[in-house]
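Observations on chain architecture
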Amino acid sequence: MPPASTGASTLTVAASTQSSPVTDTTDRLEPGRPGYGRMSFALFAAGVATFALLYSTQALLPAVSASFGATAGQASWTVSAATGALALCVLPMSALSERFGRRQMMTASLVVAVTVGLFVPFAPSLGWLIALRALQGAALAGLPASAMAYLAEEVRPKALVAAIGLFVAGNSIGGMSGRILTGWIAQLWGWRAALGAVGLLAVACAVVFHFMIPRARHFTPGTLNPKALARTVGSHLANPLLRRLYAIGALFMTVFGAVYTVIGYRLVEAPFNLPQGIVGSIFLVYLVGTVSSAAAGRLVGRLGRRGALYLAVSTTAAGLLLSLGDQLAAVLLGLVLITAGFFAGHAVASSSVSRTATTGRAQASALYQSAYYLGSSAGGTLGAVAFHAGGWAGTVALGLLAVLGVVSITLYGTRAARAERLRPAAVAPVQN
């Protein structure tokens, strides 16, 4: 949905750190045109590597806790440190991508993150593990915002939501495969071997990305100008629609981070008492996220952006409530609904950011990614604290509070758009 239909003003600020907007879209990529398939597969592989590395310890938290004698809250920092570092570094990395190129930044990020990932299994203490994970998250910061900006510049607008949906689908596959792989390998050979396997998977994805990603044809390099960057960031933060989208992304990820950080602890305890391999296999529900994120474009086409968000948040809330049951089937169905709602909502919000920001797209996407991963970091830590204080019901209560925030923001946006449509047009003064 274009910005005009939401009641938000279109950004017009120009800065030397921004790539110039492209008005001719006739030679951009779209389904059926040469290069689109290669681009989709390359970014899909990058998405797999990103989520496999970023959340590599999440399914292993009970084993990490046992190995280092740590509580759930302490072990959760192996996830929160990575997502928090990514959130803090994504904006400066996006500025570098404006100067050196999206493709170059994504490649460098993958190389550094994969290299760090090969050292992570050898961490001698929990402190070292957290530090390496923070470094890995900082390295990965150059990929998400650069990928969104690359797609916004290289893909025709009508195909943008679907293209970003495929990238997000790669995220879900990476999150799923990484967790399943680590779960079974940890059960057989321990959590260190599991992290080593994730590192090797990421190496393969990085090689695929390097050889498959097409050369950028619509990128115009800018200069590194801190003042211009500050103006660009300020203009994005002054846009009411972008602020709402950033908050929605953060709140959705708070739910998701809380649920998937804590679910392993719940399933290895009574009444389920599942082994580590089976707990890792629970993440097969990420396949639902692959489908829902890829279908986000069709949802927006039928329901509009806000309608798609209402559907996503309702699905997430239903999943949270269903997961309160003590039957494994109810918990699994709840996870399915939470996953479907989260990935659909994330795909809609992130693509709306790319379409709303007509200039400084890398910074607009970077701010979204910062909010998104800060939500993940907060959700993981707060979810573990809530679980320690009130069990699974405490984690669900935290998730429902975040869901209520998404609903409130979306309702406010709906009313603001309606009020702007009903506002009478300004009458031009009569010239004498």
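On a predicted model such as this, the values are computed, not experimentally measured, just so you know. (Residues numbered from 1 in each chain as written. Predicted model: local features only at pLDDT ≥ 70, side-chain atom pairs only at ≥ 80, totals over all residues. Heavy atoms only, no water.)

Here's the deal with the pattern of salt bridges
Within the structure shown, the criterion is met by two salt bridges. Where R102 meets E153, a salt bridge forms, and the shortest distance between an N and an O atom there is 2.4 Å. Within this pair, whereas R102 is found in helix α5 (residues 102–119), its partner E153 is found in helix α7 (residues 144–154), the two being separated by 51 residues in sequence. Residue classification places R102 among the buried positions, given a relative accessible area of 1%. In this structure, the salt-bridge partner of R266 is D326, at a minimum N-O distance of 3.7 Å. Here the residue R266 occupies a position in helix α11 (residues 240–268), and D326 occupies one in the loop between α14 (296–322) and α15 (328–356), the gap between them amounting to 60 residues. Looking at R266, the relative accessible area reads 8%, which means it is buried. (Salt bridge = Lys/Arg side-chain N within 4 Å of Asp/Glu carboxyl O. Helix = DSSP H or I, 4+ residues; strand = E, 2+ residues; numbered from the N terminus. Buried < 20%, exposed > 50% of the residue type's maximum accessible area, 1.4 Å probe, protein only.)

Concerning the packing of aromatic side chains
Tallied over the full model, the rule gives eleven aromatic pairs. Taking 5.3 Å as the distance between ring centres and 35° as the angle between the ring planes, the aromatic pair formed by Y260 and F283 counts as tilted. Taken as a pair, Y260 in helix α11 and F283 in the loop between α12 (276–281) and α13 (286–294) lie far apart in primary sequence, 23 residues in all. For F283, a relative accessible area of 1% translates into the label buried. Arranged with centres 5.9 Å apart and planes meeting at 20°, the rings of Y368 and Y372 form a pair that is stacked. (Phe/Tyr/Trp six-rings, centres within 6.5 Å; stacked < 30°, edge-to-face > 60°.)

Section: α5
Here α5 spans 27 Å end to end across 18 residues, near enough to the 26 Å set by a 1.5 Å rise per residue. Every buried residue of α5 is accounted for by R102, M105, M106, S109, L110, A113, V114, V116 and G117. Projected down its long axis, α5 shows its buried positions confined to an angular sector of 165°, all on one face. (Expected span 1.5 Å × (residues − 1). Arc of directions from axis to C-beta.)

Things to note about unusual backbone geometry
Cis geometry marks the peptide bond from A270 to P271; its omega dihedral reads 5°. Topologically, P271 is positioned in the loop between α11 and α12. With phi around 55°, N273 is a residue other than glycine that occupies positive phi space. With a relative accessible area of 51%, N273 lands in the exposed category.

Focus: a nonpolar patch on the surface
The grouping of L118, F119 and L200 at the surface amounts to a nonpolar patch, some 320 Å² of accessible area in total. Within the secondary structure, L118 is located in helix α5. (Patch = residues over 30% accessible without salt bridge, like charges linked within 9 Å, V, L, I, M, F, W, Y side chains within 5 Å. Areas by Shrake-Rupley, 256 points an atom, 1.4 Å probe, with all protein chains shown as cover.)

Some words on the environment of A366
Here A366 shows up in helix α16 (residues 361–422). Judged by relative accessible area, A366 falls into the buried class, the value being 0%. Between the alpha carbons of A366 and A87 there is a distance of 8.5 Å; along the sequence they are 279 residues apart.

Comments concerning the side chain of T57
With respect to the helices, strands and loops of the structure, T57 is situated in the loop between α1 (36–54) and α2 (61–68). A residue is classified by how much of its surface remains accessible, and T57, at 0% relative accessible area, is buried. Once you skip the residues sitting within four places of it in the chain, T57 turns out to touch T78, V79, R133 and L195. (Contact = heavy atoms within 4.5 Å.)

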